[in-house]
Amino acid sequence: MFGKNGVYEYLKQKKNKMHMTLIDPDEQDVETSMEISKKSFEYGTDAIMIGGSWGDIYNDKLEQTILKIKEATNNCLPIILFPNSAQGLSKNADAVFFMSLFNSRLPQYIINEPAKGALIIKKYGIETLPMAYLVIRSNSSAVGNWVADVKPIPENKPELTVSYSLTAKYFGMKMVYLETGSGAMSTVQNNMISETKKMIGDDMFLIVGGGIRDGKTAKEKIDAGADIIVTGTIAEKNCDKLEEIIRMIKQ
Ligand code: 1GP
């Protein structure tokens, strides 16, 4: 368990204007993941997300990465799994986004991987953060979209994310994650964010990610209604840019 009350309570206390750093253990060696996490921690990131689109099968590396990140961040940040399948689970993490990829064409990513993972989560005793995951159309060639056979939501149809997000709320989920895919050249549009946030209200977290590479864009998403901004690629390519991104989010 993270802290006295767990990760969900930690996030609830922070409320909004949060940043999460996404680490894909397969994109770099353990030491580099450690360095990125250490810097993100110093810049004020609120949590470390761990997951990849393709790997997670090299479980030893996943475990090593988590343990090293804990060390690098003095155990002060929650480590949240963002798994692509039931194989991306680790008993060393503090929590897991227990998620359904609502707009996958494959039952596997909507419900079967969560169902397989549920038994492992129970055994490991990891805290679950129930979340609807929605991929928005972009020019992204993100591996995850290909693997999960995503039917992307058109970027100019906020009524669809509004409807899916309300569905998530009625299912009892606590979070909605809107994203354009890792490394995307476009971000989730601001009016889609604001319409969605208006519908789900303040008792659900709205997470936004994909293609965010500077402070101005991150701030725009926060102003539109995102509670949490996720960045992954920029941390790998130019980790120092995180300082600006996090500063602008917290402003
Ligand atoms: C991917 O939204 C995240 O799931 C992060 O995207 O790598 O483009 O920052 P980027």
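The coordinates are above.
In this text the structure is predicted, and so the values were computed from the model without any measurement. (Residues numbered from 1 in each chain as written. Predicted model: local features only at pLDDT ≥ 70, side-chain atom pairs only at ≥ 80, totals over all residues. Heavy atoms only, no water.)

Caption draft 1: A look at the site of the ligand. Lining the immediate surroundings of the ligand are 13 residues, of which Tyr177, Glu179, Ser182, Gly183 and Thr233 lie closest. A distance of 2.8 Å is found between an oxygen atom of the ligand and a side-chain nitrogen or oxygen belonging to Tyr177. Grouping the constituent residues of the shell around the ligand by class yields three nonpolar, nine polar and one charged. (Near = heavy atom within 4 Å. Polar contact = N/O pair within 3.5 Å; in protein donor to acceptor, adjacent residues only side chain to side chain. Nonpolar A, V, L, I, M, F, W, Y, C, P; charged D, E, K, R; others polar.)

Caption draft 2: Unusual backbone geometry, seen in detail. Look at Asn74: it is not a glycine, yet its phi comes out positive at around 50 degrees. Here Asn74 lies in the loop between helix H3 (59–72) and strand E3 (79–81). With phi around 45 degrees, Asp149 is a residue other than glycine that occupies positive phi space. With respect to the helices, strands and loops of the structure, Asp149 is situated in the loop between helix H5 (143–147) and helix H6 (158–170). On the basis of relative accessibility, which here comes to 31%, the residue Asp149 falls in the partly exposed class. (Helix = DSSP H or I, 4+ residues; strand = E, 2+ residues; numbered from the N terminus. Buried < 20%, exposed > 50% of the residue type's maximum accessible area, 1.4 Å probe, protein only.)

Caption draft 3: Representation of the state of the cysteines. One pass over the structure, following the stated rule, counts zero disulfides. Free of any disulfide, Cys76 has its nearest neighbouring cysteine sulfur in Cys239, separated by 18 Å. By relative accessible area, Cys76 is classed as partly exposed at 39%. Among the residues examined, Cys239 registers a relative accessible area of 13% and is labelled buried. (Disulfide = S-S within 2.5 Å.)

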